[in-house]
Amino acid sequence: MQRHRPAVDPVRRLQVPDGMTVPLGCDAVAVPDRLGPLVVPLLPRLGCVYTDGSHWWWIVPSDSDYALPWPYPAHYATGALINGTARLIHRPEGTVPYTPPIPLYLALCRVTGTAPDWSRVVPA
């Protein structure tokens, strides 16, 4: 007898378009697809954006999560590794794929109603 296990999508790295470079490394931030269109107009620059049908993924420089807890329901993916596949829905001009992480963080805080981490009161 064998126990049936559901199929799991393989882990894959989001691929930056040909001709682009990642001089600062490559991580990704995902949000549910319902939030993606709300975030876009709040950003001063939009890097590569992908969708997998349920999430929008933004390419950010490596270590953009350093001392920065991304607001729920955002998901931070080190190495831009995701389960399954995603397709590119926005490619910026130029050769770097990054969305600036601090404006992205602030936009996500705004659309999720979360106070930025540095503005929270620390109990004594």
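Shown above is the structure to which this text applies.
Quick look at the structure, then. What you see is a predicted model, and the numbers here were worked out from it, not measured in a lab.

Conventions and cut-offs
- Residues numbered from 1 in each chain as written.
- Predicted model: local features only at pLDDT ≥ 70, side-chain atom pairs only at ≥ 80, totals over all residues.
- Heavy atoms only, no water.
- Patch = residues over 30% accessible without salt bridge, like charges linked within 9 Å, V, L, I, M, F, W, Y side chains within 5 Å.
- Areas by Shrake-Rupley, 256 points an atom, 1.4 Å probe, with all protein chains shown as cover.
- Salt bridge = Lys/Arg side-chain N within 4 Å of Asp/Glu carboxyl O.
- Helix = DSSP H or I, 4+ residues; strand = E, 2+ residues; numbered from the N terminus.
- Contact = heavy atoms within 4.5 Å.
- Buried < 20%, exposed > 50% of the residue type's maximum accessible area, 1.4 Å probe, protein only.
- Pairing = 2+ DSSP bridges.
- Expected span 1.5 Å × (residues − 1).

### What about a nonpolar patch on the surface?
Thinking step 1. On the surface, a cluster of nonpolar side chains totalling about 310 Å² of accessible area is made up of Ile102, Leu106 and Trp118.
Thinking step 2. Take Ile102: it is sitting in helix α2 (residues 101–112).

### Details of the environment of Gly47
Thinking step 1. Within the secondary structure, Gly47 sits in the loop between α1 (36–39) and β3 (49–51).
Thinking step 2. Along the backbone, Gly47 and Arg91 are 44 residues apart, and their C-alpha atoms lie at a distance of 6.4 Å.
Thinking step 3. Not counting residues within four places of it along the chain, the set of residues in contact with Gly47 comprises His90, Pro92, Pro97, Tyr98 and Thr99.

### What about the pairing of strand β4 (residues 55–60)?
Where a strand is regular, its side chains alternate between the two sheet faces.
Thinking step 1. Most of β4 is tucked away, with five of its six residues classed as buried.
Thinking step 2. The pairing of β3 with β4 spans three bridges and is classified as antiparallel. Of the residues in β4, the one forming a bridge with Val49 is Trp58.
Thinking step 3. Linking β3 back to β4 in an antiparallel pair, the connection comprises three residues, with Gly53 at a positive phi of about 100 degrees.

### Some words on α2
Thinking step 1. Compared with an ideal rise of 1.5 Å per residue, which puts twelve residues at 16 Å, α2 spans 16 Å between its outermost C-alpha atoms and is within 8% of the ideal.
Thinking step 2. Taken as a whole, α2 has its buried residues at Leu104, Tyr105, Ala107, Leu108 and Cys109.
Thinking step 3. On the buried face of α2, the contacting elements are β2 (27–32), α1 and β4.

### A closer look at the environment of Leu43
Thinking step 1. Considering the arrangement of structural elements, one finds Leu43 in the loop between α1 and β3.
Thinking step 2. Accessibility expressed as a relative area gives 12% for Leu43, which makes it buried.
Thinking step 3. Leu43 sits 61 residues away from Leu104 along the chain, and the two C-alpha atoms are 6.5 Å apart.
Thinking step 4. In this structure, Leu43 is in contact with Trp58, Thr99, Pro103, Leu104 and Ala107, ignoring residues within four places of it in sequence.

### What to know about unusual backbone geometry
Thinking step 1. The linkage connecting Tyr72 with the following residue, Pro73, adopts the cis geometry, with an omega of 10 degrees.
Thinking step 2. Within the secondary structure, Pro73 is located in the loop between β4 and β5 (75–77).
Thinking step 3. In the Ramachandran plot, Ala67 falls in the positive-phi region, its phi being about 55 degrees despite a non-glycine side chain.
Thinking step 4. Assignment of secondary structure puts Ala67 in the loop between β4 and β5.
Thinking step 5. For Ala80, which is not glycine, the phi dihedral falls at a positive 55 degrees.
Thinking step 6. Here Ala80 lies in the loop between β5 and β6 (81–83).

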